[in-house]
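Summary of structural features
The residues making up each chain are set out below.
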Amino acid sequence: MSDSESGAEAPLEVFFVQFASLGFSYKPESSAHKNFDRLCNISRWTKNSAERRDARVGFKDALVQQFNFIYGTDGNNLAAWQNLCSVIGIEPVPGDIKECRKVVWDAHVNIVDLIETKRTGDEVQTFNSLDELAEYTKRTKDSSLRRMRTKVDY
């Protein structure tokens, strides 16, 4: 079971709530990036300010934690792997962990899309190559997260 099924607070919400004293109000119906951009505007952080850089580090960490919150962290949990396969759109969903891992590792998807699909219900876009994924990532707000690594034991 992932934390999202247990009723625990979502890491993105926890991250954004810490800025309430600056007049920021988290809007869960908006994307994570729109919330972060709004936080930066409300806080009047310049693009290269130390405050913005520190907040971005915390934001990236919250995104990783959000992924873990949604999909779990147990690399030996077949149901978690099968859920990830399903969200990515892999059909048929493999029946064993080894095959699940292989098809997930071979899939070219944006991690932020995997997080946002829980909120939006939109299908996760898959790409034919890493180059296509990189181009998509550059075109979207996710470009700042290109190098983000999940802290998952998968």
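What you see is a predicted model; the values in this text were computed from it and never measured.

Right, let's talk about the overall build of the chain for a bit. When helices and strands are tallied, the chain shows 7 helices and 2 strands. Each of the 154 residues in the chain was classed as buried or not, and the buried ones make up 41%. A separation of at least 24 residues holds for 53% of the contacts in the chain among residues at least 6 apart in sequence. When the accessible area of the chain is evaluated, it comes to approximately 9200 Å², of which 47% is carbon and sulfur surface.

Bringing the environment of serine 129 into the picture now. As for its placement among the helices and strands, serine 129 is situated in the loop between strand S2 (126–127) and helix H7 (130–139). Using a relative accessible area of 23% as the deciding quantity, one classes serine 129 as partly exposed. From its side chain, serine 129 meets the backbone nitrogen of glutamate 132 in a polar contact 3.1 Å long.

Another point: the environment of phenylalanine 59. Along the chain, phenylalanine 59 turns up in helix H3 (residues 50–71). Judged by relative accessible area, phenylalanine 59 falls into the buried class, the value being 0%. Separated by 47 residues in the primary sequence, phenylalanine 59 and leucine 12 place their C-alpha atoms 7.6 Å from one another. Those residues in contact with phenylalanine 59 that lie beyond four places of it in its chain are Leu12, Phe15, Phe16, Ala32, His33 and Phe36.

Taken as a whole and assessed by the stated rule, the structure comprises 10 aromatic pairs. Site record: aromatic cluster; members linked through ring pairs are Phe15, Phe16, Phe19, Phe24, Tyr26, Phe36, Trp45 and Phe59.

Now for the pattern of salt bridges. Tallying each qualifying case throughout the model produces 2 salt bridges. Here glutamate 116 makes a salt bridge to arginine 119, at a shortest N to O gap of 2.7 Å. Highlighted residues: glutamate 116 and arginine 119, both in helix H6 (residues 111–120), separated by 3 residues, approximately one helical turn.

Turning next to the packing of helix H4 (residues 78–88) against helix H5 (residues 97–106). Contact geometry for H4 and H5: axes closest at 9 Å, N-to-C directions at 35 degrees. Crossing hand, H4 versus H5: left-handed. Contact with H4, carried on its side by Leu78, Trp81, Gln82, Leu84, Cys85 and Ile88, involves Ile97, Cys100, Arg101, Val103, Val104 and Trp105 of H5 and no other residues of that element. Of the residues belonging to the contact of H4 with H5, the class tally is 10 nonpolar, 1 polar and 1 charged.

Here we take up the side chain of threonine 137. Relative to the helices and strands, threonine 137 is located in helix H7. Given the relative accessible area of 7%, threonine 137 is considered buried. A polar contact is formed between the side chain of threonine 137 and the backbone oxygen of leucine 133, at a distance of 2.8 Å.

Attention now moves to the packing of H3 against H6. The N-to-C vectors of H3 and H6 enclose an angle of 55 degrees; their axes lie 10 Å apart at closest approach. On the basis of their axis angle, the class for H3 and H6 is oblique. The handedness of the crossing between H3 and H6 is left-handed. Residue-level contacts link Leu63, Gln66, Phe67, Ile70 and Tyr71 of H3 to Ile111, Leu114, Ile115, Thr117 and Lys118 of H6. Within the contact of H3 with H6, the residues separate by chemical class into 7 nonpolar, 2 polar and 1 charged.

Criteria and thresholds
Residues numbered from 1 in each chain as written. Predicted model: local features only at pLDDT ≥ 70, side-chain atom pairs only at ≥ 80, totals over all residues. Heavy atoms only, no water. Helix = DSSP H or I, 4+ residues; strand = E, 2+ residues; numbered from the N terminus. Buried < 20%, exposed > 50% of the residue type's maximum accessible area, 1.4 Å probe, protein only. Contact = heavy atoms within 4.5 Å. Areas by Shrake-Rupley, 256 points an atom, 1.4 Å probe, with all protein chains shown as cover. Polar contact = N/O pair within 3.5 Å; in protein donor to acceptor, adjacent residues only side chain to side chain. Phe/Tyr/Trp six-rings, centres within 6.5 Å; stacked < 30°, edge-to-face > 60°. Salt bridge = Lys/Arg side-chain N within 4 Å of Asp/Glu carboxyl O. Axes fitted to C-alpha atoms, helices over the stretch in contact; angles between N-to-C directions. Left-handed = near helix turned anticlockwise from the far one by under 90°. Nonpolar A, V, L, I, M, F, W, Y, C, P; charged D, E, K, R; others polar. Parallel < 35°, antiparallel > 145°, perpendicular 65-115°, else oblique.

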